[in-house]
Amino acid sequence: MRFFHRYSSTIHGNYRKAYLRCGLITGGLLALYIMVRYLMGSPAESPEAYMSDIIMLVAVFLFTLLYRNSLAEKKATLKELMLFGMGTAVVASVLYGLCLWLFGYAIPEQTDLFTRTLRGEEAVLSAPSHYWAAWWGFESAIKLAVLGGFGAFIAAIVFKNEKGAIREKKSKKQ
């Protein structure tokens with residue numbers, strides 16, 4: 001456990017407030033993608049598709065860069081950027097999951113399309129549509145949170161520009 005206590009790092013900004021704001025924007029973009037596809041007459045066949053993955057990863061990368069550039073002296077450690085990116089991904093995926101659940105509950109045809117696409121074309125729906133809407137919202141939130149966490153890790157490695165100071169071990173002199 002000594003390894004984890006070797007470094008001291010400084011948090012330069014209010015990353016919690018920033019990741020709440022950026023997570024809400026990202027989650028809104030993800031939900032907007034599903035709604036726009038439905039309104040255009042070409043509903044999304046799956047709640048987690050390549051496009052939603054791209055939206056999540058690009059948003060995490062861009063918001064991490066914007067957060068770092070908004071800091072005083074534009075200095076950020078790996079720890080701070082990782083916390084910011086993970087927070088953004090979790091808030092966005094929870095909001096997306098809730099919006100997907102409500103959207104699927106309000107429009108059962110969309111939920112039926114998700115279920116038939118992901119379970120097979122001849123699948124018989126064994127539960128009411130609103131149960132499946134909750135499932136797709138939950139599953140999509142978990143998958144996007146994991147993907148966003150991976151993206152946050154990569155973004156933190158790429159955009160960090162300050163290294164934590166190494167603490168020297170104090171030896172006991174007798």
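Residues numbered from 1 in each chain as written. Predicted model: local features only at pLDDT ≥ 70, side-chain atom pairs only at ≥ 80, totals over all residues. Heavy atoms only, no water.

Engineer: Could you clarify how one ought to interpret the environment of alanine 76 in this entry?
Structural biologist: By the element assignment, alanine 76 lies in the loop between helix H2 (50-70) and helix H3 (78-106). Separated by 80 residues in the primary sequence, alanine 76 and alanine 156 have C-alpha atoms spaced 9.1 Å apart. (Helix = DSSP H or I, 4+ residues; strand = E, 2+ residues; numbered from the N terminus.)

Engineer: In this structure, what is going on with helix H1 (residues 15-39)? I would like to understand it.
Structural biologist: An α-helical turn contains 3.6 residues, so any two residues separated by three or four positions project in the same direction. Between its first and last C-alpha, H1 extends 35 Å over 25 residues, near the 36 Å set by a 1.5 Å rise per residue. Within H1, the full set of buried residues consists of Tyr15, Ala18, Tyr19, Cys22, Gly23, Thr26, Gly27, Leu30, Ala31, Tyr33 and Ile34. Residues of H1 that are buried in the fold lie against H2, H3 and helix H5 (129-159). Backbone geometry just downstream of H1 places glycine 41 in the positive-phi region, at approximately 90°. (Expected span 1.5 Å × (residues − 1). Buried < 20%, exposed > 50% of the residue type's maximum accessible area, 1.4 Å probe, protein only. Contact = heavy atoms within 4.5 Å.)

Engineer: Before we go on, may I ask you to explain the packing of aromatic side chains in this structure?
Structural biologist: Aromatic ring pairs: the centre-centre distance and the angle between the two ring planes describe each pair. In total, this model carries six aromatic pairs according to the counting rule given. Measuring from ring centre to ring centre gives 6.2 Å for tryptophan 135 and phenylalanine 138, while their planes differ by 45°; the resulting arrangement is tilted. With a gap of three residues between them, tryptophan 135 and phenylalanine 138 both fall in helix H5, about one helical turn apart. (Phe/Tyr/Trp six-rings, centres within 6.5 Å; stacked < 30°, edge-to-face > 60°.)

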